[in-house]
2 protein chains.
Amino acid sequence: MVLLSGGLDSATTAAIAKHDRFELHALSVDYGQRHRFELEAARRVAESLGVVRHVVVSVDLAQFGGSALTADIAVPLDRADDEISRGIPVTYVPARNTVFLSLALGYAEVVGAGDLFLGVNAIDYSGYPDCRPEFIAAFERLANLATKAGVEGTTRFRIHTPLIRMTKAEIIRRGMELGVDYGLTHTCYSPNSAGVACGRCDACRLRRKGFAEAGMKDPIKYLTKSGA
Amino acid sequence: MVLLSGGLDSATTAAIAKHDRFELHALSVDYGQRHRFELEAARRVAESLGVVRHVVVSVDLAQFGGSALTADIAVPLDRADDEISRGIPVTYVPARNTVFLSLALGYAEVVGAGDLFLGVNAIDYSGYPDCRPEFIAAFERLANLATKAGVEGTTRFRIHTPLIRMTKAEIIRRGMELGVDYGLTHTCYSPNSAGVACGRCDACRLRRKGFAEAGMKDPIKYLTKSGA
């Protein structure tokens, strides 16, 4: 069971799971994100990986508000690297990965899957608390207490986060080795109406920096030049 | 932040929170349950308690299937007390309380609430793993690792489960003392098309037994006589 956002990290995570010979089920969440283009990207990635089934579940976190990704709060642009890595920005969505993992857990239990893959990263990231190893360990523990399959011992739930200690450049290199087509992915928090990436939000900046450090060309288009 | 299902337990929990002088925010989840009448009951209960705001969030757990409450699986009827208390029945919904608490956590963080109230019970219940104290403790730990407010220390999240060690009769007596109108609540898993309770599913049987043991009259109607 892999959580596919449509971004670079989850596509790479799914490719790693496939390489490790897991049969893939994919789950994406339409949570009211302003960058809903990523759900189309998730469909393209799921298809390219030949998943057994890809489910898109809707849950309107925008009803709660409180984040630049779901409410009428501006997405920060043109922040320097040290700004991005300092503190938790307004693009944080309250309890997002807890909600996503809960949904993945429910779906996994129904299909009899014990291995949940999540593309979180705690190196080149935005400081979100629910991307850290201690959060993942706590969720894994919870999963085995929360479910019939966990309690009865028919399934041992494990949360796999193969990217958690990698730099963005390392992730991209690994994905390239595994044949991931990053042209299918969508990363930007603030795309234009045609879905073209801004190149200026934290997500775009981390991605572009990763490609630059990996010495690779990013196949997607941006509205602004790199380093602008 | 109180999770209101529309049932007897969550109504009592909300009344306890109000009695303890908490200002109430309420969250209900439309998860594709066949007994959707409970959401109307949740609205009635929220109104009667004078909550600040009641949000109903939709997330279609029926897409995953795997439960008699969301898929085309028959709800068990006329089970004896010892059958109800043995094992985990087909009405179990995979990861339901994990999903519900995750959503409540997100909403709570946005409104700045640290106290989450949940009407779970581990005495007169259906053996669901996500109603047990060890699950609740694990979620509370997770909540403080998963969130900006928890990590930065601005909010300490606590999961309150005032009913967890009470019998159904004790819950009803406490609710009556606090003035809960149980005529507003809905408990049945398998109501008729007008929302009238079957009286025969596990949820109805636990409720009727509770009222009988408390020596109180249940104000709602049933399609079958008690003990039938």
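Residues numbered from 1 in each chain as written. Chains lettered and ligands numbered in written order. Predicted model: local features only at pLDDT ≥ 70, side-chain atom pairs only at ≥ 80, totals over all residues. Heavy atoms only, no water.

Caption draft 1: Structural detail: the side chain of B:D130. With respect to the helices and strands, the residue B:D130 is situated in the loop between β4 (115–117) and α5 (133–146). It turns out B:D130 is buried and unbridged, and the closest side chain with the opposite charge, B:R96, is 5.6 Å from it. Once residues within four sequence positions are removed from consideration, B:D130 is found in contact with A:A146, B:Y92, B:A95, B:R96, B:N97, B:T98, B:V120 and B:F135. (Helix = DSSP H or I, 4+ residues; strand = E, 2+ residues; numbered from the N terminus. Buried < 20%, exposed > 50% of the residue type's maximum accessible area, 1.4 Å probe, protein only. Lys, Arg positive; Asp, Glu negative; His and termini not counted. Salt bridge = Lys/Arg side-chain N within 4 Å of Asp/Glu carboxyl O. Contact = heavy atoms within 4.5 Å.)

Caption draft 2: Layout of helix α8 (residues 202–214) of chain B. Residues and elements named next belong to chain B. Over its 13 residues, α8 runs 18 Å from end to end, which matches the ideal 18 Å to within 8%, given 1.5 Å per residue. Inspection of α8 places D202, A203, C204, L206, R207, R208, G210, F211 and A214 among the buried residues, and these make up the whole buried set. Taken together, the buried residues of α8 touch α1 (8–19), α3 (81–84) and α7 (168–177). One or two positions beyond α8, positive phi appears at G215, with a value near 70 degrees. (Expected span 1.5 Å × (residues − 1).)

Caption draft 3: View of the state of the cysteines. Per the stated rule, a full pass over the model turns up zero disulfides over all chains. Free of any disulfide, A:C204 has its nearest neighbouring cysteine sulfur in A:C188, separated by 3.7 Å. (Disulfide = S-S within 2.5 Å.)

Caption draft 4: Structural context of the pairing of strand β2 (residues 25–30) of chain B. All names here are of chain B. Among the six residues of β2, six are classified as buried, and the element is accordingly described as predominantly covered. The alternating pattern of β2 places H25, L27 and V29 on one face and A26, S28 and D30 on the opposite face, and all of these are buried. Both strand β1 (residues 2–3) and β2 contribute to a ladder of two bridges, which runs parallel. Opposite V2, over in β2, you have A26 as the bridge partner. In this view, the connection linking β1 to its parallel neighbour β2 by way of α1 has right-handed handedness. Two strands pair when backbone bridges link them, and β2 and strand β3 (residues 53–58) are joined in this way by six bridges, in the parallel orientation. Bridged to S28 within β3 is V56. With helix α2 (residues 37–49) bridging β2 and its parallel neighbour β3, the resulting β-α-β unit is right-handed. (Pairing = 2+ DSSP bridges. Right-handed = clockwise from strand over helix to strand, strands pointing away.)

Caption draft 5: Examining the pattern of salt bridges more closely. Residues and elements named next belong to chain A. This model, assessed by the stated rule, comprises 26 salt bridges over all chains. D9 is the salt-bridge partner of K168, the closest N and O atoms lying 2.9 Å from each other. Highlighted residues: K168 in helix α7 (residues 168–177) and D9 in helix α1 (residues 8–19), separated in sequence by 159 residues. The pair formed by K168 and D9 is uniform in burial state, with each residue classed as buried. Each of the salt bridges in this network shares a partner with another, and the network as a whole consists of D124, K209 and E213.

Caption draft 6: Broad picture of the interface of chain A and chain B. With 41 residues of chain A at the contact, the number on the chain B side is 41 residues. Contact with chain B buries surface across chain A, with A:Q63, A:F64 and A:L142 losing the most and accounting together for 19% of the total. Counting the contacts that link chain A with chain B gives zero salt bridges. Broken down by secondary-structure element, the contributors of at least two residues to the side of chain A that touches chain B are β3 (53–58), α4 (96–111), α5 (133–146) and α6 (148–152) of chain A. Among the elements that line the side of chain A that touches chain B, the one with the most residues is α4(A), at nine residues. Looking at the side of chain A that touches chain B, its residues break down into 24 nonpolar, eight polar and nine charged. (Buried area = accessible area lost by both parts, 1.4 Å probe. Nonpolar A, V, L, I, M, F, W, Y, C, P; charged D, E, K, R; others polar.)

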